[in-house]
Amino acid sequence: MASTLSSPAFTNATGIPEANAPGYRVGVGLIEVSALGAMIGTTSVEALASGNKAAAGLPWASMSMFGSVYCAKAAIACLVPDWSRETLGLTSTFVDASLGLNIAINTKVNAKQRAAAQIASGVWVPYHADSDKQLEAAFTPYPTPSSRDSIPVSSSSFIASSVLSGSIDSYERDRCCRTSFIPTTFFKSWNLGSAFREPHVAYAFDQSTTITLARVMPSEGHEAIQVHPYNRDPTPVRNDWLAIAGSLVKLLEMAVLYHARAKKLWWVTAISWAPAYCSTIILQISGVGRDGSDVGEIDLIAGELPSPIHSGRSGRIILGIPGNIHRSRIWKFHWCLQAVSCLIGMIAVFICLPSQKDWVVYIWVAFQALWMFLRMFIYSWLESSGPRSAMMTGQSWGVSSLATRRRAIQLVFTLANQQVTIHPRGVYSYQDDLLTISALIKLWHDAQWSLDYLPVDSAICFAKSSDGPQDYLFIQVLGVVGDTLLRSASWLKGLALSNAELYDSALIFVKVANSSHIYCVPCARVLHRVSPATGDTETVGGMFEARGVSNTGPTSVSWKYWIPLKLPSSENHSVPASGSKINQSARWAEIGGIRVTGKTHEALIRNWDGLHNHLQGGVLNIGLSQVEEVAGIIRTARKATKGLRELLRSAQAD
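Residues numbered from 1 in each chain as written. Predicted model: local features only at pLDDT ≥ 70, side-chain atom pairs only at ≥ 80, totals over all residues. Heavy atoms only, no water.

### Concerning empty space enclosed by the protein
Then step 1. With the rule as written, the count across this model stands at six cavities of 30 Å³ or more.
Then step 2. The space that makes up the largest cavity amounts to roughly 170 Å³.
Then step 3. Trp 124, Asp 206, Thr 209, Ile 298 and Asn 324 are, among the 18 residues lining the largest cavity, the residues nearest its centre.
Then step 4. At the level of elements, strand 3 (200-204), helix 10 (207-214), strand 5 (297-303) and strand 6 (315-322) are the ones that each hand at least two residues to the lining of the largest cavity.
Then step 5. Of the residues in the lining of the largest cavity, the class split is ten nonpolar, five polar and three charged. (1 Å grid on protein atoms, 1.4 Å probe; cavity = no way out; pocket = protein on both sides within 12 Å on 5 of 7 lines; lining within 4 Å. Points joined across faces, edges and corners; volume = space filled by probe spheres on them. Helix = DSSP H or I, 4+ residues; strand = E, 2+ residues; numbered from the N terminus. Nonpolar A, V, L, I, M, F, W, Y, C, P; charged D, E, K, R; others polar.)

### Points about the pairing of strand 10 (residues 505-512)
Remember that side chains alternate between the two faces of the sheet whenever the strand is regular.
Then step 1. Across the eight residues that make up strand 10, a large majority, seven, are buried.
Then step 2. In the sheet, strand 10 pairs with strand 11 (residues 518-529) via seven bridges, with the strands oriented antiparallel. Each bridged residue has a counterpart across the sheet, and for Leu 507 the counterpart in strand 11 is Pro 522.
Then step 3. Between strand 10 and strand 11, which pair antiparallel and follow one another directly, the connecting turn spans five residues, one of which, Asn 514, has a positive phi of 65°. (Buried < 20%, exposed > 50% of the residue type's maximum accessible area, 1.4 Å probe, protein only. Pairing = 2+ DSSP bridges.)

### As for the pattern of salt bridges
Then step 1. Counted under the stated rule, the structure contains 14 salt bridges.
Then step 2. The shortest N-O distance in the salt bridge between Asp 82 and Arg 85 comes to 2.9 Å.
Then step 3. Note that Arg 487 is salt-bridged to Asp 483, the shortest N-O span being 3.0 Å. Here Arg 487 and its partner Asp 483 are both found in helix 18 (residues 483-493), four residues apart, which amounts to about one turn of the helix.
Then step 4. You can call Arg 487 buried: its relative accessible area is 1%. (Salt bridge = Lys/Arg side-chain N within 4 Å of Asp/Glu carboxyl O.)

### A word on the pairing of strand 11
Then step 1. Taken across its twelve residues, strand 11 has eleven buried, putting it largely inside the fold.
Then step 2. By the bridge criterion, six bridges tie strand 11 to strand 12 (residues 557-566) in an arrangement that is antiparallel. Across the sheet, the residue bridging to Ala 524 is Trp 562, located in strand 12.

What follows is the structure in structure tokens.
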């Protein structure tokens, strides 16, 4: 009996349990130690791993195994597409500070990610060496045949919807649809990838852009938005190479482990740290270790942006902001390497530790704690990755250069494209809209930059007997400008217009039968229900749905346009001055369809009583019930159109 109760089977001569005893494993207890280390070092790990302290902080992120899980998580968060971070549970303030939250603008698809929960903070377009030439080509209505081959291909930021049938020729169509980027070197082209070629909407800014915006005075209320060229602070950053060289102190740990014959731990240490150090050297030598390197520039418009529901308030335009280096492919390669090495190292260390001698484990733990505290020091010592920007002075529209105006107008068109993707009406409702600079410039040039009413005389207005005597007018629609572009231009100009009336405003380019003249007419248009089976107006019965109501798809809705006619007396137009009553002899041409461009329409002529009764019946299920509301919309459309015309004409060469 006494012999069976003597000493345990796994004890040495002194009675102390050995390291490989079933109930005593030093490596298992390190899980709690590493958890404590992660808890007090999480901030520095995620910030350094996501590049917030430039490339110099990357090797320090993986120096200590305490917090390696957060290092891997930050690397993975930087690798995945922006829209998927929240879905995958990888949302982090440090990753947002490094990359921002940007989604490419695609007017063929409704913006579902993030758009429903967040309001856009800004939109930006890439700017590169050939952008000015491309913009000059876009603002030239008819380039000469000899100059066509020398015109750079059009920027993808001009392309938001399909090129309209009949509005531009085949050369213009090809020029608008080709890619925009002409690389100067193979490495630069490969490194930039697609992130610097497409316009994006920003739901969260990176830290560099946030600091830049803080140095710009925004417009107030309904003031015209000024343009701010980016002003870089030339003060150099000197600590990067010193921090990278300092991380070589990790070799001390590797030397001690090698001397202690802990080869497995030596390999684990090398695998978890050496790849990050080597890739950091590559980033630094390639000149892409810090934001502000030669990776292109972006033009940004930010603030309380206009949307289909909100008119927008203050805003800022900054041109030439250095591109975010963290979106380059070489940084993506580093994060891929870092995520793999951290995960392998983290798993391997807990496999190896239980088999190590106690004193080896204690030495290893001491080194991890030392690196953790040094990492926190490096985090506070290194400067942020973003380039330094000085205070920027705004330029009013009147004193800005031609190139500056064109770049600002390009942002206006991009903002209009972004509104299409979040519009309650759906992107399919706006595939007819003119949302390319070159197409609109050419069409308005052909219309001699005029603002008209539709002319009516006895030669082209005739009676039809179907459904009673009604007057019709044959018109051909060449192009349409919708509320998104009119709203964006009005916001830039600082025009105090009703967003509710802008919601139903439009500008239409038409030809009247037996005439070659192009008329540019501000008008009203509403989206109403139709039967998917017949395409006819779907009568629900005296309903007046408010603006902003969504619909079930392109087969269930149709546009209804009311285009004002010019009366024989020049003083009695269909659009009275604000506050006056509508002349009851006013008339409007009515056309309909989800796609109207490139077609010839029999426009129904409605007089005051006819339009009033049509609206009062509620058969269209729209929010308008009074003729006065239609007149107010057309009046607002005319003011917004004048603002858009002033912008475009001010950016054309004399």
